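Each chain is listed here by its residues.
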Amino acid sequence: MNSSIFQLEMKVRDYECDAQGIVNNANYQHYYEVARHEFLEKEGLNFYELHTQGTDLVLISIFVKYIASLQGGNQFICTIESLEKQGIRYFFNQKIIRKSDLKLCSEARAEVVSVVKGRVSIPKILDDSFSKYLQ
């Protein structure tokens, strides 16, 4: 976990749980998205400001592996382990780790492209911001 490029501590809210008392699977995608947006902020990029300037970051695919369940009230860390670039695509490799026992609960690989003024593109601002992390 110490090798991750970004970490965000979060807490499960009761309404995110299903009838079994565990976090509903769709909420993991929300957690991952929040971490990506906070990572952008840390790098001086605001998702909504980028949009108003004509640049949109679009999630085109995500693979999520569920390993152990989170439950209501659990505190956890959502990480970005690494960031890769292949052509016009960025890949965010992420994890969710329960704080109480450091149990790996989920892993994800999110594929993102940027659309500049309606066209798929690679804006220089992202390459400049992400260059220190790219593998």
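For the structure given in this document, a descriptive report is provided here.

1. Concerning the nonpolar core
So, point 1. Counting residues in each nonpolar core, the largest one holds 31 residues, and the members touching the most others are Y31, F39, L70, F76, F92, I96 and F130.
So, point 2. Listing elements by their share of this core, those giving two or more residues are β1 (6–11), α1 (25–42), β2 (55–66), β3 (75–86), β4 (89–98), β5 (104–116) and α3 (124–130).
So, point 3. Of all the elements, α1 adds the most residues to this core, at six residues.
So, point 4. Residue contacts for F130: discarding those within four places in its chain leaves F39, L40, L45, L83, Y90 and F92.

2. A short note on the packing of aromatic side chains
Aromatic ring pairs are reported here in terms of the distance separating the ring centres and the angle at which the planes meet.
So, point 1. With the rule as written, the count across this model stands at ten aromatic pairs.
So, point 2. Seen in terms of ring centroids, Y28 and Y66 are 5.2 Å apart; in terms of plane orientation they differ by 80 degrees. Their pairing is edge-to-face. Taken as a pair, Y28 in helix α1 and Y66 in strand β2 lie far apart in primary sequence, 38 residues in all.
So, point 3. Taking the relative accessible area as the measure of exposure, Y28 reaches 3% and is therefore buried.
So, point 4. Note on Y66: relative accessible area 42%, which makes it partly exposed.
So, point 5. Ring geometry for F47 and Y48: centres 5.5 Å apart, planes at 85 degrees, overall edge-to-face.
So, point 6. For Y48, a relative accessible area of 60% corresponds to the exposed category.
So, point 7. Three or more aromatic residues joined by ring pairs form one cluster here, namely F6, F39, Y90, F92, F130 and Y133.

3. Section: α1
So, point 1. Taking 1.5 Å as the rise per residue, α1 with 18 residues should run 26 Å; its terminal C-alpha atoms sit 27 Å apart, in good agreement.
So, point 2. Looking only at α1, the buried set comprises N27, Y28, Y31, Y32, A35, R36, H37, F39 and L40.
So, point 3. Positive backbone phi, approximately 80 degrees, marks G44, located one or two places after α1.

4. Overview of the pairing of β3
So, point 1. With nine of its twelve residues buried, β3 lies for the most part within the structure.
So, point 2. For β1 and β3, the ladder comprises six bridges, and the chain directions are antiparallel. When the sheet's bridge partners are listed, E9 is paired in β3 with I77.
So, point 3. Two successive antiparallel strands, β3 and β4, enclose a turn made up of two residues, where G87 displays a positive phi of approximately 65 degrees.

5. Some remarks on the side chain of S4
So, point 1. Structurally, S4 can be placed in the segment before β1.
So, point 2. A polar atom in the side chain of S4 sits 3.0 Å from the side chain of Q7.
So, point 3. The contacts of S4, once residues within four sequence positions are left out, are T79, I80 and E81.

6. Quick look at the pattern of salt bridges
Close approach of charged atoms allows side chains of opposite charge to pair.
So, point 1. This structure, assessed with the given rule, holds nine salt bridges.
So, point 2. Between E16 and R13 there is a salt bridge whose closest N-O contact spans 2.4 Å.
So, point 3. With a closest N to O distance of 2.9 Å, K85 and D127 form a salt bridge. Of the two residues, K85 sits in strand β3 while D127 sits in helix α3, which places them 42 residues apart along the sequence.
So, point 4. Overall, K85 belongs to the partly exposed group, its relative accessible area being 29%.
So, point 5. Connected through salt bridges with shared partners, the residues K42, E43 and K132 form a single ionic network.

Reading the values: the criteria
- Residues numbered from 1 in each chain as written.
- Predicted model: local features only at pLDDT ≥ 70, side-chain atom pairs only at ≥ 80, totals over all residues.
- Heavy atoms only, no water.
- Core = buried A, V, L, I, M, F, W, Y, C linked by side-chain atoms within 4.5 Å.
- Buried < 20%, exposed > 50% of the residue type's maximum accessible area, 1.4 Å probe, protein only.
- Helix = DSSP H or I, 4+ residues; strand = E, 2+ residues; numbered from the N terminus.
- Contact = heavy atoms within 4.5 Å.
- Phe/Tyr/Trp six-rings, centres within 6.5 Å; stacked < 30°, edge-to-face > 60°.
- Expected span 1.5 Å × (residues − 1).
- Pairing = 2+ DSSP bridges.
- Polar contact = N/O pair within 3.5 Å; in protein donor to acceptor, adjacent residues only side chain to side chain.
- Salt bridge = Lys/Arg side-chain N within 4 Å of Asp/Glu carboxyl O.

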